[in-house]
Amino acid sequence: MTSSPPALFDRRLLRQRRNRAASSLHDYDFLLQRAIDDLLDRVESISRDFPRALVLGGGGAVGRALKDRPRAAAKIGQLIETDLAERLANDVCVDEEALPFADESFDLVLSPLALHWTNDLPGALIQINRALKSDGFFACAVIGGASLKELRQSLMAAETELYGGAAARVSPFADTVDMAGLLQRAGFAMPVSDVDRVTVRYGNAFVLMRDLRKMGETSILADRPRAPRGRKFFVRMAEIYSERFADEDRKIRASFEIIHAGGWAPHPDQPRPKRPGSATVRLADALGVAERSAGEKAGR
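Residues numbered from 1 in each chain as written. Predicted model: local features only at pLDDT ≥ 70, side-chain atom pairs only at ≥ 80, totals over all residues. Heavy atoms only, no water.

**Q** For this particular structure, what's the right way to read the environment of R236?
**A** Among the secondary structure elements, R236 is positioned in helix α9 (residues 231–245). With 75 residues separating them along the chain, R236 and E161 place their C-alpha atoms 9.2 Å apart. Ignoring sequence-local partners within four residues, the contact set of R236 consists of A158, E161, L162 and E243. Here the side chain of R236 touches E243 through a polar contact of 3.3 Å, side chain to side chain. (Helix = DSSP H or I, 4+ residues; strand = E, 2+ residues; numbered from the N terminus. Contact = heavy atoms within 4.5 Å. Polar contact = N/O pair within 3.5 Å; in protein donor to acceptor, adjacent residues only side chain to side chain.)

**Q** How do you make sense of α9 when you look at a structure like this?
**A** In an α-helix, one turn spans 3.6 residues; hence positions three or four apart end up facing the same way. Between its first and last C-alpha atoms α9 spans 21 Å; for 15 residues at 1.5 Å apiece the expected length is 21 Å, and the two agree. Those residues of α9 lying buried are F233, R236, M237, A238, I240, Y241 and F245. On its buried face, α9 sits against α6 (149–163), α8 (205–215) and β7 (252–264). (Expected span 1.5 Å × (residues − 1). Buried < 20%, exposed > 50% of the residue type's maximum accessible area, 1.4 Å probe, protein only.)

**Q** How do you make sense of the sheet that holds strand β1 (residues 50–56) when you look at a structure like this?
**A** Backbone-to-backbone hydrogen bonds pair the strands of a sheet. The strands run either parallel or antiparallel. Within the open sheet, the seven strands sit side by side as β3-β2-β1-β4-β5-β7-β6. Their pairing is mixed. If you trace the sheet from one side to the other, it starts and ends with β3 (92–93) and β6 (189–202), each paired once. Bridging between β6 and β7 involves 12 bridges; their strand directions are antiparallel. Bridging from a neighbouring strand, V192 pairs with G262 of β7. (Pairing = 2+ DSSP bridges.)

**Q** Would you take a moment to explain the packing of α6 against α9 for this structure?
**A** How two helices pack is summed up by the angle between their axes together with the distance between the axes. At a closest axis distance of 8 Å, the pairing of α6 and α9 adopts a crossing angle of 125°. Classed by the angle they form, the pair α6 and α9 counts as oblique. Regarding α6 and α9, the two cross each other, and that crossing is right-handed. Each of E150, L151, Q153, S154, L155, A157, A158, E159, E161, L162 and Y163 in α6 lies in contact with α9, whose residues at this interface are K232, F233, R236, M237, I240, Y241, R244 and F245. Split by residue class, the contact of α6 with α9 holds 11 nonpolar, two polar and six charged. (Axes fitted to C-alpha atoms, helices over the stretch in contact; angles between N-to-C directions. Parallel < 35°, antiparallel > 145°, perpendicular 65-115°, else oblique. Left-handed = near helix turned anticlockwise from the far one by under 90°. Nonpolar A, V, L, I, M, F, W, Y, C, P; charged D, E, K, R; others polar.)

**Q** For this particular structure, what's the right way to read the pattern of salt bridges?
**A** Scanning all chains against the criterion turns up 22 salt bridges. Across the salt bridge formed by R34 and D196, the nearest N and O atoms sit 2.6 Å from each other. In this pair, R34 sits in helix α2 (residues 30–45) while D196 sits in strand β6, placing the two residues 162 residues apart along the sequence. Accessibility expressed as a relative area gives 17% for D196, which makes it buried. Ionic pairing is found between R69 and D41, a salt bridge with its closest N-O pair at 2.6 Å. Of this pair, R69 sits in the loop between α3 (61–66) and α4 (70–75) while D41 sits in helix α2, and the two are 28 residues apart along the sequence. Within this structure, D37, D41, E44, R69 and R71 form a network of salt bridges that share partners. (Salt bridge = Lys/Arg side-chain N within 4 Å of Asp/Glu carboxyl O.)

**Q** I tried to follow unusual backbone geometry on my own but got confused; where do I start?
**A** Notably, L148 is not glycine yet its phi reads approximately 60°, a positive angle. Its place among the elements puts L148 in the loop between β5 (132–143) and α6. Judged by relative accessible area, L148 falls into the buried class, the value being 8%. The phi dihedral of R250 is positive, around 75°, even though this residue is not glycine. Mapping R250 onto the fold places it in the loop between α9 and β7.

**Q** Mind showing me how you'd approach the side chain of D83 here?
**A** With respect to the helices and strands, the residue D83 is situated in strand β2 (residues 76–83). Residue classification places D83 among the buried positions, given a relative accessible area of 1%. Within the local environment of D83, its side chain forms a polar contact with the backbone nitrogen of G58, the two atoms lying 3.4 Å apart. If we skip the residues at most four places from it in the chain, D83 touches R18, G57, G58, G59, L88, A89, V92, C93 and V94.

**Q** I tried to follow the nonpolar core on my own but got confused; where do I start?
**A** Buried together is how nonpolar side chains tend to be arranged in soluble globular proteins. Counting residues in each nonpolar core, the largest one holds 49 residues, and the members touching the most others are L108, L113, L151, L208, M237, Y241 and F256. Considering every element that reaches this core, the biggest residue donor is α2, with seven residues. Setting aside chain neighbours within four positions, we find Y241 in contact with E150, L151, S154, A205, L208, A246, I252, R253 and A254. Counting residues in each nonpolar core, the second largest holds 25 residues, with V94, F106, A131 and L183 among its members. (Core = buried A, V, L, I, M, F, W, Y, C linked by side-chain atoms within 4.5 Å.)

**Q** Would you take a moment to explain the packing of aromatic side chains for this structure?
**A** The description of two aromatic rings rests on the distance between their centres and on the angle between their planes. In total, this model carries seven aromatic pairs according to the counting rule given. Between F9 and W117 the ring centres are 5.3 Å apart and the planes differ by 85°, which places this aromatic pair in the edge-to-face class. Of this pair, F9 sits in the segment before α1 (11–21) while W117 is found in the loop between β4 (106–112) and α5 (121–131), placing the two residues 108 residues apart along the sequence. The pair formed by F9 and W117 is uniform in burial state, with each residue classed as buried. (Phe/Tyr/Trp six-rings, centres within 6.5 Å; stacked < 30°, edge-to-face > 60°.)

Put into structure tokens, the structure is as follows:
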């Protein structure tokens with residue numbers, strides 16, 4: 001009997017917060033727009049069309065972006081945009097953990113800043129692979145593990161100082177290596193991943209936290225503290241943030257990582273990795289460098 005993965009995130013709360021943010025999301029979606037631009041760059045770079053495409057998350061922002069991206073729009077036929085939140089679902093409300101689509105339904109699946117909130121990311125990726133036609137393409141953008149490291153440290157420092165201990169208040173996220181490996185485990189061919197690092201500056205920590213609420217990106221940890229901390233805690237957190245992470249103009253830095261990952265649904269005609277030991281050209285020759293033994297030190 002297989003056991004379900006632990007519920008790290010409260011997805012009911014996620015739906016509520018995304019619905020609450022629906023009216024303001026368009027004014028605070030700079031990270032989402034950045035992620036979508038990169039996803040559409042990848043679509044444009046592929047020398048084929050996608051008659052039927054699915055978008056998981058994004059609140060309809062991919063369709064809006066395509067109006068200014070004619071090259072990408074020309075490659076996509078029918079576009080179905082979904083979201084977990086009813087108020088953000090452009091076409092249909094869909095839970096990324098339980099996709100309702102038949103196998104081999106789509107030529108392209110895109111997911112901008114949604115899958116980092118899934119409790120069973122490997123399971124969601126397997127479902128996406130099944131929903132793709134053979135040789136279909138999948139690309140996603142998720143929030144990465146080093147995001148909001150300054151806020152995380154400031155919250156922990158303030159809580160430890162005032163109360164003698166700290167609870168987790170910022171959600172954990174995946175890293176680049178995790179995503180490439182997860183795609184491979186889910187059955188995708190030729191998986192790749194890379195990271196886009198962004199630093200955003202704010203007047204203070206309270207402005208940062210307001211933006212996170214407006215984005216619908218505040219913590220939804222299932223094991224989050226239920227008793228809210230008072231004003232004293234957040235004021236001290238903001239002070240620590242400014243002390244440790246402010247620039248000379250007193251504006252604070254907030255780090256974000258956007259991890260991009262992609263892969264193809266398997267197809268017999270796709271390139272396959274060669275078996276170990278079958279290489280006919282030495283790596284040193286391919287790189288145009290002199291080969292050294294393991295005991296030699298490289299010159300400076």
